[in-house]
Amino acid sequence: MRKFAENMEFEAERYYRKAAEGARDASVRQLLIELAEAEAGHESLAHKLTEAILTSGAREKEDETARRMFVLQYVQPGLAGLMDGSVSTLAPLFAAAFATHNTWATFLVGMAASVGAGISMAFAEALSDDGSLTGRGSPVIRGLVTGGMTSIGGLGHTLPYLIPHFELATAVSIAVVTVELAAIAWIRTHYMDTPFLQAAFQVVVGGVLVFIAGILIGSA
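Here the structure is a predicted model, which is why all the values come from computation and not from measurement.

Asker: What is the right way to look at the overall build of the protein chain in this model?
Answerer: Counting its regular elements, the protein chain contains 8 helices and 0 strands. Going residue by residue from the N terminus, the α and β elements of the protein chain occur as α-α-α-α-α-α-α-α. Out of the 220 residues belonging to the protein chain, those deemed buried represent 33%. When the accessible surface of the protein chain is summed, it comes to about 12800 Å², and 69% of that surface belongs to carbon and sulfur atoms.

Printed below as a string of structure tokens:
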């Protein structure tokens, strides 16, 4: 709010000065210049009050609040989407891969699963909470973040199946899955204060179970 107030004073000053440059009447021009100078004084006063009143403890508290809001509004929805896209699409993708041994068919299945999951997760997140009670921010933004990260999570291990050679495409896809799971574990450690080994274990167990399920179903 402080930065918003300072920016508002700055914009008002700039507006008055710009208007003064285009004013033809001398009295009007003088009035606009005086208004611009008054706004400049307000901006300076706001800045001085900020420096005088805002203690280091208060600034740390504000920074922590800002970090918490960032986690609630962006990191949590994005992480939920990335986990869902990276894990839930493994089963249909690898089931199609081992059932057909056709890289193009597998790619199409992965694309459909990733895009469909992204749309589903976007609506689920946007409609689950309007942010008025929880303070989690705009439901539209959270929905877009969740849906986008869901699709990205699924597309990561789907794109390797553009490689025509089945064994190579599968090896690259598995490598991408490993990177995705490591990224999820790191995000949980960095933003959710979850120990890395615990986060990695939880993510890997879930991913491996879904991966095995996909292979078994596809090979049946």
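From this point, the discussion proceeds with the structure in view.
Asker: Teacher, can you tell me more about the packing of helix α4 (residues 90-100) against helix α7 (residues 166-192) here?
Answerer: Two elements in contact, α4 and α7, have axes whose closest approach is 12 Å; the angle formed by their N-to-C orientations is 165°. As summarised for this structure, α4 and α7 are arranged roughly antiparallel, according to the angle between their axes. Two packed elements cross with a definite hand, and for α4 against α7 that hand is left-handed. Note on element contacts: α7 touches α4 through F166, T170, S173, I174 and V177, opposite L90, L93, F94, A97 and F98.

Asker: Explain unusual backbone geometry here, please?
Answerer: Glycine aside, a negative phi is what most residues show, and trans is what most peptide bonds show. If you check the backbone angles, H101 has positive phi at about 55° while not being a glycine. Summarising the element assignment, H101 is placed in the loop between α4 and α5 (103-128).

Asker: Can you help me understand helix α6 (residues 139-158) in this one?
Answerer: Side chains three or four residues apart in an α-helix point the same way, a direct result of the helix having 3.6 residues per turn. Taking 1.5 Å per residue, 20 residues should reach 28 Å; α6 reaches 28 Å between its end C-alpha atoms and fits that length. Turning to α6, its buried residues number three or more, namely R142, G143, T146, G147, T150, S151, G153, G154, H157 and T158. When α6 is viewed along its axis, its buried side chains cluster within an angular range of 155° and face the same direction. Facing away from the buried surface of α6 by more than 90 degrees, the exposed residues are V140, L144 and I152.

Asker: Please explain the environment of V145 as it appears in this structure.
Answerer: The residue V145 is located in helix α6 in this model. Classification of V145 as partly exposed rests on a relative accessible area of 21%. Note: C-alpha distance between V145 and Q76 (69 residues apart in sequence) is 9.5 Å. Those residues in contact with V145 that lie beyond four places of it in its chain are Y74, P77 and G78.

Asker: Is there a simple way to think about the layout of surface pockets in this case?
Answerer: The gaps left among the atoms become clear once a water-sized probe is rolled over them. Here the largest pocket is characterised by a volume of approximately 170 Å³. In terms of lining residues, the largest pocket is bounded by 13 residues, among which V177, T178, L181, V204 and V208 are the most central. Counted by class, the lining of the largest pocket contains 11 nonpolar, 2 polar and no charged residues.

Asker: Just checking my understanding: could you explain the pattern of salt bridges for this structure?
Answerer: Think of it this way: side chains of opposite charge can pair up when their charged atoms draw near. As enumerated under the stated definition, the model contains 1 salt bridge in all. Of the charged contacts in the structure, one is a salt bridge between R142 and E125, with a shortest N-O distance of 2.4 Å. One end of the pair, R142, is in helix α6; the other, E125, is in helix α5, with 17 residues separating them in the sequence. Residue class for E125 comes out buried when judged on its relative accessible area of 13%.

Asker: When you look at the packing of α7 against helix α8 (residues 196-219) in this model, what are you seeing that I'm missing?
Answerer: Pairs of packed helices are described in terms of their axes, by the angle between the two and the distance that separates them. The geometry of α7 relative to α8 is characterised by a closest axis approach of 8 Å and an angle of 145° between their N-to-C directions. When you trace α7 past α8, the crossing you get is right-handed. Of the residues in α8, those touching α7 at I174, L181, A182, I184, A185, W186, R188 and T189 are F196, A199, A200, Q202, V203, V204 and F211. Looking at side-chain class alone, the contact of α7 with α8 contains 12 nonpolar, 2 polar and 1 charged residues.

Asker: Is there a simple way to explain α4 in this structure?
Answerer: Residues of α4 that are buried include every one of L90, A91, L93, F94, A95, A96 and A97, and no others. Backbone geometry just downstream of α4 places H101 in the positive-phi region, at approximately 55°.

Asker: Would you take a moment to explain the side chain of S114 for this structure?
Answerer: By secondary structure assignment, the location of S114 is in helix α5. There is a polar contact of 3.4 Å between the side chain of S114 and the backbone oxygen of G154. If we ignore the near neighbours within four places in the chain, the residues touching S114 are T89, S151, G154, L155 and T158.

What counts and what doesn't
Residues numbered from 1 in each chain as written. Predicted model: local features only at pLDDT ≥ 70, side-chain atom pairs only at ≥ 80, totals over all residues. Heavy atoms only, no water. Helix = DSSP H or I, 4+ residues; strand = E, 2+ residues; numbered from the N terminus. Buried < 20%, exposed > 50% of the residue type's maximum accessible area, 1.4 Å probe, protein only. Areas by Shrake-Rupley, 256 points an atom, 1.4 Å probe, with all protein chains shown as cover. Axes fitted to C-alpha atoms, helices over the stretch in contact; angles between N-to-C directions. Parallel < 35°, antiparallel > 145°, perpendicular 65-115°, else oblique. Left-handed = near helix turned anticlockwise from the far one by under 90°. Contact = heavy atoms within 4.5 Å. Expected span 1.5 Å × (residues − 1). Arc of directions from axis to C-beta. 1 Å grid on protein atoms, 1.4 Å probe; cavity = no way out; pocket = protein on both sides within 12 Å on 5 of 7 lines; lining within 4 Å. Points joined across faces, edges and corners; volume = space filled by probe spheres on them. Nonpolar A, V, L, I, M, F, W, Y, C, P; charged D, E, K, R; others polar. Salt bridge = Lys/Arg side-chain N within 4 Å of Asp/Glu carboxyl O. Polar contact = N/O pair within 3.5 Å; in protein donor to acceptor, adjacent residues only side chain to side chain.

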